[in-house]
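Descriptive analysis of the structure
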Amino acid sequence: MQMVLVSGAVAAVAGGYFGVKSYKARQQSLVEEFGYSMMMYWGDAKTSQDTVKEYFGKVGPVINMFHKPDMYREYCKRLAQDKALGLTSLRDFAAVTKMMGVSSSMAVKQIAKAAEELVPYPNPTETWERNANKPSVLGKLLWLTERCFPDPMAIQKLRSRFPRSYNDDIINVLQNTLTEQAYKDILNANGGPENGLQPGYEELGLARGDAEDLIAKILEEKRLAEEEAARIAAEKAEEERVLKIREAAWKGQQEKMNLNDGKIKTHGEEPKKDEPVQRAEGTHEYECTVCGYTLFVAKGREFKFFGDNFKCPQCGASKQYFKDNAAE
């Protein structure tokens, strides 16, 4: 009888242990599922509100208060990791905080915990430690927090969580880049920077002057990019034009002239292999090195037939591409 009682007690303890373990696993699964579900309805306040109520019910009406911080922290991480920053994310962040009934103190505390999970090794020494860190996601979470919960101590705590290779200057540049990109998205959604200043810059943390300077910078970069693209296109077109001229000239030479030992002859019969080509004494033999066209000019008459503005009649090459065979 004693043996049976002991066995029953052990079974009860074991069952209780595995029951608790199973319960915790289920709750953790629901918390993660909640984070992914909220991303599906990102920016949709009504459906997000319904999702919050649904998961509060799944977790349990009595015990959801214990898991609310975990659910909120999971939402923060998923938002920073999965969604682009901008007015939609900023407004969604503020709205979900309110609809979940999360106080500012709870929000700041859970955001700090999220930062620790995103960058578990602020001073990494091993490759696997560096790979485990997600500083870019932490940067997005910092951006959201600075605009919704601008508490200096909370902000500094998040900044201190970045890996040691990130100093304040680097973090500031990253934050400014995120802000500029968010406002660029607003401009593009309203027809581009050509349409001028658009509302929303103040909500993103930009001053009016900074927003106007950003628009001017974007327009100037666009102008320079268009000029560079036009220059490259013009160079490519010119290269193609010259190539076509050379191909046409070469084809014409092949069809109209005879070849002897690889040297183009302009007229007359092909000489014998051992018979040198004869040219009149005192005559220049200017040959185009581009297409092979040959021009014979008597000495003293160069200014008339081979002036500075002379161009090859076959390929258009300038005078500098001709060589004087008589000088060889």
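Below or above, wherever it landed, is the structure these notes cover.

The rules behind each value
Residues numbered from 1 in each chain as written. Predicted model: local features only at pLDDT ≥ 70, side-chain atom pairs only at ≥ 80, totals over all residues. Heavy atoms only, no water. Core = buried A, V, L, I, M, F, W, Y, C linked by side-chain atoms within 4.5 Å. Buried < 20%, exposed > 50% of the residue type's maximum accessible area, 1.4 Å probe, protein only. Axes fitted to C-alpha atoms, helices over the stretch in contact; angles between N-to-C directions. Helix = DSSP H or I, 4+ residues; strand = E, 2+ residues; numbered from the N terminus. Parallel < 35°, antiparallel > 145°, perpendicular 65-115°, else oblique. Contact = heavy atoms within 4.5 Å. Pairing = 2+ DSSP bridges. Salt bridge = Lys/Arg side-chain N within 4 Å of Asp/Glu carboxyl O. Polar contact = N/O pair within 3.5 Å; in protein donor to acceptor, adjacent residues only side chain to side chain. Phe/Tyr/Trp six-rings, centres within 6.5 Å; stacked < 30°, edge-to-face > 60°. Lys NZ or Arg CZ within 6 Å of the ring centre and 35° of its normal. Expected span 1.5 Å × (residues − 1). Nonpolar A, V, L, I, M, F, W, Y, C, P; charged D, E, K, R; others polar.

Turning to the nonpolar core, a few remarks are in order. One broad trend across soluble globular proteins is that nonpolar side chains are buried collectively. Grouped together as the largest cluster of nonpolar side chains are 51 residues, with contacts concentrated most on Phe 34, Met 71, Tyr 72, Tyr 75, Phe 93, Met 100 and Tyr 183. Counting 13 residues, the second-largest nonpolar core is a separate cluster that includes Cys 288, Tyr 293, Leu 295 and Phe 322.

In this section: the packing of helix 5 (residues 104-118) against helix 8 (residues 152-159). Closest axis-to-axis distance for the helix 5/helix 8 pair is 10 Å, and the angle between their directions is 10 degrees. Taken together, the axis directions place helix 5 and helix 8 in an arrangement best described as roughly parallel. Across the interface between the two elements, Val 108, Ile 111, Ala 112 and Ala 115 of helix 5 pack against Ala 154, Lys 157 and Leu 158 of helix 8.

What follows covers the sheet that holds strand 4 (residues 294-298). Strand order in the open sheet formed by three strands is 4-3-5, and the pairing between neighbours is antiparallel. Every other strand in the sheet has two partners, leaving strand 4 and strand 5 (322-324) as the edge strands with one partner each. If you compare each strand with its neighbour and ignore which way they point, the axes differ by 25 degrees on average.

This part takes up the pattern of salt bridges. Under the counting rule described, the total for this entry stands at 21 salt bridges. Two residues, Glu 203 and Arg 91, come together in a salt bridge whose shortest N-O distance is 2.9 Å. On the criterion of sequence distance, the pair formed by Glu 203 in helix 10 (residues 201-204) and Arg 91 in helix 4 (residues 87-99) is long-range, its members being 112 residues apart. The exposure class of Glu 203 is partly exposed, given its relative accessible area of 34%. Across the pair Glu 146 and Arg 159 runs a salt bridge whose closest N-O atoms are separated by 3.6 Å. Taken together, the residues span a long stretch of sequence, with Glu 146 in helix 7 (residues 135-148) and Arg 159 in helix 8 at a distance of 13 residues.

Right, let's get into the pairing of strand 4. Relative to strand 4, strand 3 (residues 283-288) runs antiparallel, the two being bridged by five bridges. If you follow Tyr 286 over to strand 4, its bridge partner there is Leu 295.

This brings us to the side chain of Ser 37. By the element assignment, Ser 37 lies in helix 1 (residues 2-40). At 3.1 Å, the side chain of Ser 37 and the side chain of Tyr 55 are in polar contact. Beyond its immediate sequence surroundings of up to four residues, Ser 37 is in contact with Thr 51 and Tyr 55.

A few words now on the packing of aromatic side chains. Applying the stated criterion across every chain yields a total of seven aromatic pairs. For Lys 58, the ring lying beneath its charged end belongs to Tyr 55, and the centroid distance is 4.4 Å.

So, on to helix 2 (residues 45-59). In this model, helix 2 (15 residues) spans 21 Å end to end at C-alpha, consistent with the 21 Å of a helix rising 1.5 Å per residue. Sitting at the amino-terminal end of helix 2 is Asp 44, which places a side-chain oxygen 3.3 Å from the backbone nitrogen of Lys 46.

Helix length check: helix 4, at 13 residues, gives a terminal C-alpha distance of 18 Å against a target of 18 Å (1.5 Å per residue), a fit within 8%. Those residues of helix 4 that sit buried are Leu 87, Ser 89, Leu 90, Asp 92, Phe 93, Val 96, Thr 97 and Met 99.

Time to look at the environment of Lys 77. Looking at where Lys 77 falls in the secondary structure, it is placed in helix 3 (residues 64-82). We classify Lys 77 as buried; its relative accessible area is 17%. Linking Lys 77 and Gly 35, residues 42 residues apart in sequence, is a C-alpha distance of 8.2 Å. Beyond its immediate stretch of four places on either side in the chain, Lys 77 contacts Ala 114, Glu 117, Leu 118 and Val 137.

Between helix 7 and helix 8, the least distance of the axes is 10 Å, while the angle of their chain directions is 175 degrees. One finds that helix 7 runs roughly antiparallel with respect to helix 8. Along the contact surface, helix 7 presents Leu 138, Leu 142, Thr 145 and Glu 146, while helix 8 presents Ile 155, Leu 158 and Arg 159. Split by residue class, the contact of helix 7 with helix 8 holds four nonpolar, one polar and two charged.

This part is about the environment of Cys 291. With respect to the helices and strands, the residue Cys 291 is situated in the loop between strand 3 and strand 4. Of the residues examined, Cys 291 reaches a relative accessible area of 2% and is grouped as buried. Sequence spacing of Cys 291 and Cys 312 is 21 residues, and the spatial spacing of their C-alpha atoms is 8.8 Å.

Right, let's get into the side chain of Thr 51. Mapped onto the elements, Thr 51 comes out in helix 2. Filtering out sequence-adjacent residues up to four positions away, Thr 51 remains in contact with Phe 34, Ser 37, Met 38 and Tyr 41.

The values are spatial; any link to function lies outside them.
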